[in-house]
Amino acid sequence: MKILMVMTSHDQLGNTGKKTGLWLEEFAAPYFVFKDAGVNLTLASPKGGQPPIDPKSDLPENQTPAMKRFKQDPEAKKAFAHTVKLADMRQENFDAVFYPGGHGPMWDLAESPQSKALIEAFYNSGKYIAFVCHAPGVLRHVTYKGQPLVKDKRVTGFTNTEEEEVKLTKVVPFLVEDELKRLGAHFEKKPNWQSFSIVDGHLITGQNPSSSTETAKALLKALTKK
């Protein structure tokens, strides 16, 4: 089984002068869910090389078992430091694609023609596509049969109230919850920071960093059922 993980290359938090990027738990937890299941993983990003890590995601209070494991795993660290270029990836080489979040994807992956085309190619081929936290926002320009891919789909993602809690409502280019609703999705959510994921057909979405493991397991379960 082969899964492609697509991560951000964007490290600027709007015009704040602060750094952003990938939320580390959203990479580390799914990475080990997949690795422990024997999945052949490929890691990609728009620029290739090491994706930027959101400094806040690596604060002491945000450490998780998966993050600690990642830091002690030379193979995982090497793979993370040498992601391949997104533009070189083809859906026919993989069984599914998984997008970790963090705020970074809202600037680069959400507007990337390569990302859009790749997601559409996976979906049109009847393959699973999975996104966690801010990553469902990457679907904003993705279409299926001329309509937004998320239209009439049950989805979740980082909520307006979660964005308010981290005080970035006025910084991000769009709000994930509002954008998915605008596109005609049926947005569902749990209270802030609770684990929650939804499987609707071949689309899998998770609400927040706490949902990373659950979302990855949902994708694995879907793939092993096929």
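Up top is the structure these notes are about.
Structural notes, computed from the coordinates. (Residues numbered from 1 in each chain as written. Predicted model: local features only at pLDDT ≥ 70, side-chain atom pairs only at ≥ 80, totals over all residues. Heavy atoms only, no water.)

### Side note on the sheet that holds strand S3 (residues 84-85)
Next up, step 1: If you trace the seven strands from one edge of the open sheet to the other, you get S3-S2-S1-S4-S5-S11-S10, paired in mixed fashion. Of all the strands in the sheet, the pair left with one neighbour each is S3 and strand S10 (197-200).
Next up, step 2: Pairing analysis gives five bridges linking strand S1 (residues 2-6) to strand S2 (residues 40-45), with the strands arranged parallel. Paired with Val6 across the bridge in S2 is Ala44. (Pairing = 2+ DSSP bridges. Helix = DSSP H or I, 4+ residues; strand = E, 2+ residues; numbered from the N terminus.)

### Remarks on the side chain of Asp73
Next up, step 1: For Asp73, the position within the fold is in the loop between helix H2 (65-71) and helix H3 (74-81).
Next up, step 2: Buried charged residue Asp73 carries no salt bridge. Nearest counter-charge: Arg69, at 5.0 Å.
Next up, step 3: In terms of polar contacts, Asp73 uses its side chain to reach the backbone amide nitrogen of Glu75, at 3.0 Å.
Next up, step 4: In this structure the side chain of Asp73 is engaged in a polar contact, spanning 3.0 Å, whose partner is the backbone nitrogen of Ala76. (Buried < 20%, exposed > 50% of the residue type's maximum accessible area, 1.4 Å probe, protein only. Lys, Arg positive; Asp, Glu negative; His and termini not counted. Salt bridge = Lys/Arg side-chain N within 4 Å of Asp/Glu carboxyl O. Polar contact = N/O pair within 3.5 Å; in protein donor to acceptor, adjacent residues only side chain to side chain.)

### What about the layout of surface pockets?
Next up, step 1: Within this model, the largest pocket holds a volume of roughly 560 Å³.
Next up, step 2: Around the largest pocket sit 28 residues that line it, and Trp23, Lys56, Asn62, Val166 and Trp193 are the ones nearest its centre.
Next up, step 3: Partitioning the lining of the largest pocket into residue classes produces ten nonpolar, nine polar and nine charged. (1 Å grid on protein atoms, 1.4 Å probe; cavity = no way out; pocket = protein on both sides within 12 Å on 5 of 7 lines; lining within 4 Å. Points joined across faces, edges and corners; volume = space filled by probe spheres on them. Nonpolar A, V, L, I, M, F, W, Y, C, P; charged D, E, K, R; others polar.)

### A closer look at the side chain of Ser9
Next up, step 1: Counting through the fold element by element, Ser9 comes out in the loop between S1 and helix H1 (24-36).
Next up, step 2: What makes Ser9 buried here is its relative accessible area of 11%.
Next up, step 3: From its side chain, Ser9 meets the backbone nitrogen of Lys47 in a polar contact 3.0 Å long.
Next up, step 4: Beyond its immediate stretch of four places on either side in the chain, Ser9 contacts Ser45, Pro46, Lys47, Gly48, Pro52 and Asp108. (Contact = heavy atoms within 4.5 Å.)

### Topic: helix H4 (residues 113-124)
Next up, step 1: Its twelve residues place the ends of H4 16 Å apart at the C-alpha level, agreeing with the 16 Å of an ideal helix rising 1.5 Å per residue.
Next up, step 2: Taken together, the buried residues of H4 touch S1, strand S4 (96-99), strand S5 (128-132), strand S6 (143-144) and strand S11 (203-206).
Next up, step 3: Two or three places before Gln114, at the opening of H4, Ser112 has a side-chain oxygen 3.3 Å from that residue's backbone nitrogen. (Expected span 1.5 Å × (residues − 1).)

None of the figures reported here should be taken as evidence of function without further support.
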